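Architecture at a glance
As a plain string of letters, each chain reads:
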Amino acid sequence: MKKIFLSIAVLALALTSCDDFLTKEPPMDQSDELALSTFTGIDGATAGNYRAVISWYGATFPLTFDVMCGNGMVGPVNTGRMRQEPAWNYSSTSTLGLWSGAYNAILGCNKVLTAINEGKFDRAGVTDEQINNVKAENLFLRALAYFDLVRVYAQPYGYIKEKGITGTEALGVPIVLEDDLSARPARSTVAEVYENLIIPDLQEAERLMSTSYVRAGVKDMVATVTTPVIQALMARVYLTHEDWQLAADYANKVIRNGRFRLLSGNNYVSMWDGSLDVAPQSGSEVIFEVYISQSDGSSSDLGDYLTAPEAAGGAGYGDVRVSNDLLSLYDENDVRYTGLTKTNPQYPGYRWSTKYPGKSGQLAYNNVPIIRISEMYLIRAEALYRGATISGVTALDDLNQVATSRGANAYSQVTIDNLFNERRKEFLFEGHVYFDMKRLQRSLTRTDYDLDPTTKDIPFPSYRWAFPIPENDILNNKNMVQNPGYQSK
């Protein structure tokens, strides 16, 4: 069977922007075999796979979902940016850019995993523990890519399971386990993506990785995969997969680890300080993030130039503000409101987020948190509410741990609405709200909205909750089928 060799340099430094990633074969490059013939090469390729994740988390991926789902809104500033997102104006020829970036990352991980599994590299002076740690990193990164793909391009697992849905509506994304795409893979079901790849990959990664492992030579320690990072993603995955006890257990492991802690007041606000280059390895809220730095050629599209009209140096566009719908949920002393949103005298009645101010005023350089400790408390709270048990902990305890640490009023009871609203307030512009609405099967209703009235409110269920597959992948792959609602006319 013909092999496709994608250059490690391409994976590390130049992510493809083509839409038909699963059908357009990359150029042959025999140097990959040489690069992966030593453990040093395998380790370097793994570092490149971390950079691949920046292609979506360092872009507008998190911000997109908040603008779609009512946490953010465009206007009164209008420079033409972020107009498609609030109107849900997507088609097979204009869809989210996650597809090619995630499959690039997957292909890079597959190449490293194949090299390790085949054992053809020079093992001189290399221990089994070193090999297992690198293998675990690639399993985690592959699982993360597939988890994001299936959450974006498919209907939610719980809805499919609950309604007994079959056919096209139950389809997830193609599973590719090697670096050979010539078979033109079909889409696996949502259940298969979770149960045959995401969960097994994370389980094996947790088993393989040393609890003391931290990747050598990195500047930001929380931008690398460690055991609690794996466990934290497992908590999120199990919550989405509706394994309530496992979600609680894994969130509890991360909380009890002691390396991460909830911050309060100005300490929490300062966590987002643009002068900070790296998060503390211990005592931080951040469990895992992508590291963005001008020195290594990476950049972020989440900076103040999109989320504040008067950013550092007067360079901000400020198209995306915090919606008044979300602002109405905050208590008046909540630091997420008082410390992480700001007004602008030119535009009275509106507020903008200050979460991504840019490092030392450089707007395009913001580290992007992917998992924080507050999420673990809220995952554990929801899992406990749904019937899981953890000795000595209640759902109300966990919900109020997050709320009161931010200066908000304590809740008197746990409800799905309270859990959803707390997550909505906590993760402003971090991209959670879209996925929360999908898994909770909540319709989107907006008051603060003045764009296309036909997309002001998005019901659930609706075909719109699954993004369209890129058109070229449909046209060039006879085994690929499009999501309902996006078929070519």
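What you are looking at is a predicted structure, and each value in this text was computed from that prediction instead of being measured. (Residues numbered from 1 in each chain as written. Predicted model: local features only at pLDDT ≥ 70, side-chain atom pairs only at ≥ 80, totals over all residues. Heavy atoms only, no water.)

**A few points about the overall build of the chain**
If you tally the helices and strands in the chain, you get 19 helices and six strands. Judged by the C-alpha coordinates and their principal axes, the chain covers about 60 × 55 × 50 Å. Here the chain holds 45 positive side-chain charges and 57 negative ones, and the gap between their average locations is 1 Å. (Helix = DSSP H or I, 4+ residues; strand = E, 2+ residues; numbered from the N terminus. Lys, Arg positive; Asp, Glu negative; His and termini not counted. Charge placed at Lys NZ, Arg CZ, Asp CG, Glu CD.)

**A closer look at the pattern of salt bridges**
Counted according to the given criterion, the structure contains 31 salt bridges. Residue Glu-137 is joined to Arg-215 by a salt bridge in which the shortest nitrogen-to-oxygen separation is 2.8 Å. One end of the pair, Glu-137, is in helix α6 (residues 128-153); the other, Arg-215, is in the loop between α8 (190-208) and α9 (227-240), and 78 residues separate them in sequence. For the residue pair Glu-137 and Arg-215, the accessibility class agrees, reading buried in each case. (Salt bridge = Lys/Arg side-chain N within 4 Å of Asp/Glu carboxyl O. Buried < 20%, exposed > 50% of the residue type's maximum accessible area, 1.4 Å probe, protein only.)

**Focus: empty space enclosed by the protein**
Summed over the entire model, instances satisfying the criterion amount to two cavities of 30 Å³ or more. Put simply, the largest cavity is a space of about 260 Å³. Secondary structure elements with two or more residues in the lining of the largest cavity: α6, α9, β6 (368-372) and α18 (432-439). With five residues, α18 is the single largest residue contributor to the lining of the largest cavity. Of the residues contributing to the lining of the largest cavity, the split by class is ten nonpolar, four polar and eight charged. Within this model, the second largest cavity holds a volume of roughly 50 Å³. (1 Å grid on protein atoms, 1.4 Å probe; cavity = no way out; pocket = protein on both sides within 12 Å on 5 of 7 lines; lining within 4 Å. Points joined across faces, edges and corners; volume = space filled by probe spheres on them. Nonpolar A, V, L, I, M, F, W, Y, C, P; charged D, E, K, R; others polar.)

**With respect to the confidence of the model for the chain**
Overall, the predicted model of the chain reaches an average pLDDT of 89, with 91% of residues at or above 70. Predicted confidence for residues 1-19 stays below pLDDT 50, and this span has 58 contacts to residues more than four positions away or in other chains. (pLDDT = per-residue confidence, 0-100. Contact = heavy atoms within 4.5 Å.)

**Considerations on the packing of aromatic side chains**
What the rule picks out here adds up to 27 aromatic pairs. Seen from their ring centres, Trp-272 and Tyr-356 are 5.8 Å apart, and the 80° between their planes marks the pair as edge-to-face. Of this pair, Trp-272 sits in the loop between α11 (265-270) and β2 (286-290) while Tyr-356 sits in the loop between β5 (352-353) and β6; the two residues are 84 residues apart in sequence, bridging distant segments of the chain. Tyr-356 shares its class with Trp-272; the two are buried. Every member of this aromatic cluster is reached through a ring pair, and the members are Trp-56, Tyr-57, Phe-61, Phe-65, Trp-88, Tyr-90, Tyr-159, Tyr-434, Phe-435, Phe-460, Trp-465 and Phe-467. One residue, Arg-151, lies across the ring of Phe-147, its end atom 4.2 Å from the ring centre. The aromatic ring of Phe-420 is capped on one face by Arg-442, whose charged end is 4.2 Å from the ring centroid. (Phe/Tyr/Trp six-rings, centres within 6.5 Å; stacked < 30°, edge-to-face > 60°. Lys NZ or Arg CZ within 6 Å of the ring centre and 35° of its normal.)

**Looking at the packing of helix α15 (residues 373-385) against helix α16 (residues 395-405)**
With their axes 8 Å apart at the nearest point, α15 and α16 run at an angle of 155° to one another. Compared by their axis directions, α15 and α16 come out roughly antiparallel. Considering how the two elements wind past one another, α15 and α16 form a crossing that is left-handed. Contacts between α15 and α16 involve Ser-374, Tyr-377, Leu-378, Arg-380, Ala-381, Leu-384 and Tyr-385 on the former and, on the latter, Ala-395, Asp-398, Leu-399, Gln-401 and Val-402. When grouped by side-chain class, the residues that make up the contact of α15 with α16 number eight nonpolar, two polar and two charged. (Axes fitted to C-alpha atoms, helices over the stretch in contact; angles between N-to-C directions. Parallel < 35°, antiparallel > 145°, perpendicular 65-115°, else oblique. Left-handed = near helix turned anticlockwise from the far one by under 90°.)

**Some points on the environment of Ala-35**
Relative to the helices and strands, Ala-35 resides in helix α2 (residues 31-35). When the C-alpha atoms of Ala-35 and Phe-121 are compared, they prove to be 9.5 Å apart, with 86 residues separating the residues in sequence.

**Examining the side chain of Arg-321**
As for its placement among the helices and strands, Arg-321 is situated in strand β3 (residues 320-322). Among the residues examined, Arg-321 registers a relative accessible area of 4% and is labelled buried. Beyond its immediate stretch of four places on either side in the chain, Arg-321 contacts Asn-71, Gly-72, Met-73, Val-74, Gly-75, Pro-76, Tyr-350, Arg-351, Trp-352, Phe-429 and Asp-448.

**Some remarks on the pairing of β6**
Most of β6 sits inside the fold, with five of its five residues counted as buried. Two strands pair when backbone bridges link them, and β2 and β6 are joined in this way by four bridges, in the antiparallel orientation. Its bridge partner being in β6, Val-286 is matched across the sheet by Arg-372. (Pairing = 2+ DSSP bridges.)

**Details of the packing of helix α3 (residues 39-57) against α6**
The geometry of a pair of packed helices is captured by two quantities: the angle between their axes and the separation between those axes. Interaxial distance between α3 and α6 falls to 10 Å at its minimum, and their mutual angle equals 20°. In terms of orientation, α3 lies roughly parallel with respect to α6. At the point where α3 passes α6, the crossing takes the left-handed sense. Contact residues: Phe-39, Ile-42, Asp-43, Thr-46, Asn-49, Tyr-50, Val-53, Trp-56 and Tyr-57 in α3; Gln-130, Ile-131, Val-134, Glu-137, Asn-138, Leu-141, Leu-144, Ala-145, Asp-148 and Arg-151 in α6. Counted by class, the contact of α3 with α6 contains eleven nonpolar, four polar and four charged residues.

**Concerning the nonpolar core**
Counting residues in hydrophobic clusters, the biggest one holds 141 residues, and the most contacted among them are Phe-140, Tyr-146, Leu-149, Tyr-153, Ile-198 and Met-376. Ranked by the residues each element gives to this core, the list is headed by α6, at 13 residues. The residues contacting Met-376, other than those within four sequence positions of it, are Ala-232, Ala-235, Ala-251, Val-254, Ile-255, Ile-287 and Ile-371. Ranked by size, the runner-up nonpolar core spans eleven residues in total, among them Ala-45, Val-112, Ala-115 and Val-134. (Core = buried A, V, L, I, M, F, W, Y, C linked by side-chain atoms within 4.5 Å.)

**Observations concerning the layout of surface pockets**
Considered as a void within the structure, the largest pocket measures approximately 450 Å³ in volume. Every residue lining the largest pocket is counted, 19 residues in all, and those nearest its centre are Tyr-50, Arg-51, Val-218, Tyr-291 and Asp-296. Secondary structure elements with two or more residues in the lining of the largest pocket: α3 and β2. Taken together, the residues of the lining of the largest pocket break down into nine nonpolar, three polar and seven charged.

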